[in-house]
Amino acid sequence: MKVDVIIVGSGVAGTLLAFRLLDKGLKPLVISDPSKKKASLLAAGLINPIVFRTITMGWRTSHCLKEANSFYTSLESKLSAKFFNPCDILRIHGSEEEREIWEDKKHDPDFASFLGEGVNPENYSWLKSNHGISKLKGAAFVNSQNFIDALSL
Ligand SMILES: Cc1cc2nc3c(=O)[nH]c(=O)nc-3n(C[C@H](O)[C@H](O)[C@H](O)COP(=O)(O)OP(=O)(O)OC[C@H]3O[C@@H](n4cnc5c(N)ncnc54)[C@H](O)[C@@H]3O)c2cc1C
């Protein structure tokens, strides 16, 4: 069998790379050692645009989020499965300083579409929050179990 690319490792990275190569008309071969650990089986599945504490943006965040949105959605139809869920995340601020940085950066055009308003802690009384809770917009949640089942990881 002729293959164009050999990928070592059948976690989420190797498996999704194989799908991308197939989309480009290439033939990948994925090989993996099942005796090795696989972090993908433990992942919580959060896609978070912001590095908390310092409130900084990941590398090419907007581009990656757009790409994740279209890629995961098309993968869902290809695999007839549902695992990709755009959502908000509630950030329980770790310190007063972090909350102040959040409030400051909320007005920066690069951050405005992600850093939302503070929420009323009384509505989330089961959460312990000494420094307030804010809403992070534009995040997503990949249902790990559905995703793993669909990819047969
Ligand atoms: C508890 C936990 C929670 C997490 N939550 C999140 C989250 O919410 N959001 C997020 O983005 N990330 C999260 N992560 C990180 C995420 O799980 C990893 O970044 C991701 O799964 C890495 O995927 P991978 O395919 O590179 O590696 P892996 O899933 O580890 O796959 C590696 C593959 O390579 C194979 N392999 C290894 N060595 C060899 C070898 N010598 N020969 C052949 N095959 C080999 C293994 O068998 C495996 O199949 C979390 C991680 C953990 C542990």
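If you're wondering where the values come from, they're calculated on a predicted model, not measured in any experiment.

What counts, and at which threshold
Residues numbered from 1 in each chain as written. Predicted model: local features only at pLDDT ≥ 70, side-chain atom pairs only at ≥ 80, totals over all residues. Helix = DSSP H or I, 4+ residues; strand = E, 2+ residues; numbered from the N terminus. Pairing = 2+ DSSP bridges. Domains from an automatic or database assignment. Expected span 1.5 Å × (residues − 1). Buried ≥ 20, exposed ≤ 12 C-beta atoms within 10 Å, placed from the backbone. Contact = placed C-beta atoms within 7 Å. pLDDT = per-residue confidence, 0-100.

## Some details on the environment of Phe83
Residue placement: Phe83 occurs in the loop between helix H2 (61-79) and strand S6 (84-92). Taking the C-alpha atoms as reference, Phe83 lies 8.8 Å from Thr73; in sequence the two are ten residues apart.

## Thoughts on the pairing of strand S8 (residues 133-142)
When a strand is regular, its side chains alternate between the sheet's two faces. Pairing of strand S3 (residues 46-47) with S8 involves two bridges; the strand directions are antiparallel. Along S8, the bridge assignment pairs Leu46 with Phe141. In this structure, strand S7 (residues 115-118) lies alongside S8, joined through two bridges in antiparallel fashion. Residue pairing for S8: Gly118 is matched across the bridge by Ser134.

## Brief notes about the domain arrangement of the protein chain
Per the domain assignment, the segments making up the protein chain are domain 1 (1-34) and domain 2 (45-151). For domain 1 and domain 2, the distance between their C-alpha centroids amounts to 29 Å.

## Section: the environment of Thr61
Looking at the element boundaries, Thr61 is found in helix H2. Taking the C-alpha atoms as reference points, Thr61 and Leu75, separated by 14 residues in sequence, lie 20 Å from one another.

## Focus on H2
Helix length check: H2 (19 residues) gives 26 Å between terminal C-alpha atoms against 27 Å at 1.5 Å per residue, within 8%. One or two positions beyond H2, positive phi appears at Ser80, with a value near 45 degrees.

## Here's the deal with the environment of Asn143
Here Asn143 lies in the loop between S8 and helix H4 (144-151). For Asn143, a count of 15 C-beta atoms within 10 Å gives the class partly exposed. Sequence spacing of Asn143 and Leu46 is 97 residues, and the spatial spacing of their C-alpha atoms is 8.7 Å. Residues in contact with Asn143, not counting those within four places in the same chain, are Gly45, Phe83 and Asn85.

## Concerning helix H1 (residues 12-23)
With twelve residues, H1 extends 17 Å between its outermost C-alpha atoms, agreeing within 8% with the 16 Å of an ideal straight helix rising 1.5 Å per residue. Downstream of H1 by one or two residues, Gly25 has phi in the positive range, about 85 degrees.

## Some details on the confidence of the model for the protein chain
Mean pLDDT over the protein chain: 94, with 100% of residues reaching 70 or higher. Within the protein chain, strand S1 (residues 5-8) carries the highest mean pLDDT (98), whereas H4 carries the lowest (90).

## What to know about unusual backbone geometry
In the Ramachandran plot, Ile55 falls in the positive-phi region, its phi being about 50 degrees despite a non-glycine side chain. Following the sequence through the fold, Ile55 ends up in the loop between strand S4 (50-51) and strand S5 (56-57). Here Ile55 falls in the buried class, since 22 other C-beta atoms lie within 10 Å of it. Its identity is not glycine, yet Arg60 carries a phi of approximately 50 degrees, on the positive side.

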